[in-house]
Amino acid sequence: MKNFFRRISDGFRSFMAGRYGADELSSFLSIAALVLLVLSALVRQLFFLYFLALGLLIWSTFRMLSRNTLKRRQEREAYLRFFGHFRQKWNLIKNRWRDRKTHRYYTCPSCHVTIRVPKPEKGKTIAITCPKCGNRFERKN
Ligand SMILES: [Zn+2]
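Bear in mind that the values here come from a model prediction, so they are computed numbers and not experimental data.

## Some remarks on the nonpolar core
Note on soluble globular proteins: their nonpolar side chains tend to be buried together.
Alright, step 1. One finds Leu 25, Leu 29, Ala 33, Leu 36, Leu 49, Ala 53, Leu 56 and Tyr 79 forming the largest nonpolar core, which totals 8 residues.
Alright, step 2. Looking at this core, the elements that each hand over two or more residues are helix H2 (24–42) and helix H3 (49–65).
Alright, step 3. If you tally residues by element for this core, the top one is H2, at 4 residues.
Alright, step 4. The residues touching Ala 33, leaving out its near neighbours within four places in the chain, are Ala 53, Leu 56 and Leu 57.

Structure follows, in structure tokens:
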């Protein structure tokens, strides 16, 4: 019995050898497909999402089994670049909420970088020096 499972796992390993495998993009595609499947099952008017979900699953499987790893890596990088932007925005919103009692976030007027500073006392004006461009500006709480 143990040999049987070993044979299966060896077989799978040699089948996947040289293939691209899973990455962030393929897991995103699979999760998106799952969400679409559930939506298409719950809402009759959204039945067409089923086909979209099927397409995403086929795409995700194709990527995992693909031997063209260079092309798949490029797709992954494009995906990460695209979603990195959203993730950054989302993290900023999260951190602002987490630090709302202790820190304030300001945007540098000259280079537009976001700066986190300890929360000043109410009604006080503080001088902020931008760590990126060295610009000095004042903000009132
Ligand atoms: Zn600046």
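## Digging into the packing of aromatic side chains
Alright, step 1. Taken as a whole and judged by the stated rule, the model has 9 aromatic pairs.
Alright, step 2. Here Tyr 79 and Phe 83 contribute two aromatic rings whose centre-to-centre distance is 5.1 Å and whose plane-to-plane angle is 40 degrees, an arrangement assigned as tilted. On the criterion of helical spacing, the pair formed by Tyr 79 and Phe 83 is a turn pair, its members being 4 residues apart in helix H4 (residues 69–98).
Alright, step 3. On the accessibility criterion, Tyr 79 (11% relative accessible area) is buried.
Alright, step 4. Between Phe 83 and Phe 86, the aromatic rings sit 6.1 Å apart at their centres with planes inclined by 45 degrees, giving tilted as the arrangement. In this pair, Phe 83 and Phe 86 are both assigned in helix H4, 3 residues apart and thus about one turn of the helix distant.
Alright, step 5. With relative accessibility at 26%, the residue Phe 83 sits in the partly exposed group.
Alright, step 6. The exposure class of Phe 86 is partly exposed, given its relative accessible area of 47%.
Alright, step 7. Aromatic rings pair up to connect Phe 28, Tyr 79, Phe 82, Phe 83 and Phe 86 into one cluster.

## A look at the environment of Glu 77
Alright, step 1. Mapping Glu 77 onto the fold places it in helix H4.
Alright, step 2. Residue class for Glu 77 comes out partly exposed when judged on its relative accessible area of 42%.

## Quick word on the domain arrangement of the protein chain
Alright, step 1. According to the domain assignment, the protein chain consists of domain 1 (20–98) and domain 2 (101–141).
Alright, step 2. Computed over C-alpha atoms, the centres of domain 1 and domain 2 are 37 Å apart.

## What to know about the pattern of salt bridges
Alright, step 1. Throughout the structure, instances matching the rule amount to 8 salt bridges.
Alright, step 2. With a shortest N-O distance of 2.9 Å, Asp 99 and Arg 116 are connected by a salt bridge. Here the residue Asp 99 occupies a position in the loop between H4 and strand E1 (103–107), and Arg 116 occupies one in strand E2 (residues 114–118), the gap between them amounting to 17 residues.
Alright, step 3. Two residues, Lys 124 and Glu 121, come together in a salt bridge whose shortest N-O distance is 3.6 Å.
Alright, step 4. Judged by its relative accessible area of 54%, Glu 121 is exposed.
Alright, step 5. Among the charged side chains, a network of salt bridges with common partners joins Asp 23, Arg 63, Arg 72 and Glu 75.

The rules behind the values
Residues numbered from 1 in each chain as written. Predicted model: local features only at pLDDT ≥ 70, side-chain atom pairs only at ≥ 80, totals over all residues. Heavy atoms only, no water. Core = buried A, V, L, I, M, F, W, Y, C linked by side-chain atoms within 4.5 Å. Buried < 20%, exposed > 50% of the residue type's maximum accessible area, 1.4 Å probe, protein only. Helix = DSSP H or I, 4+ residues; strand = E, 2+ residues; numbered from the N terminus. Contact = heavy atoms within 4.5 Å. Phe/Tyr/Trp six-rings, centres within 6.5 Å; stacked < 30°, edge-to-face > 60°. Domains from an automatic or database assignment. Salt bridge = Lys/Arg side-chain N within 4 Å of Asp/Glu carboxyl O.

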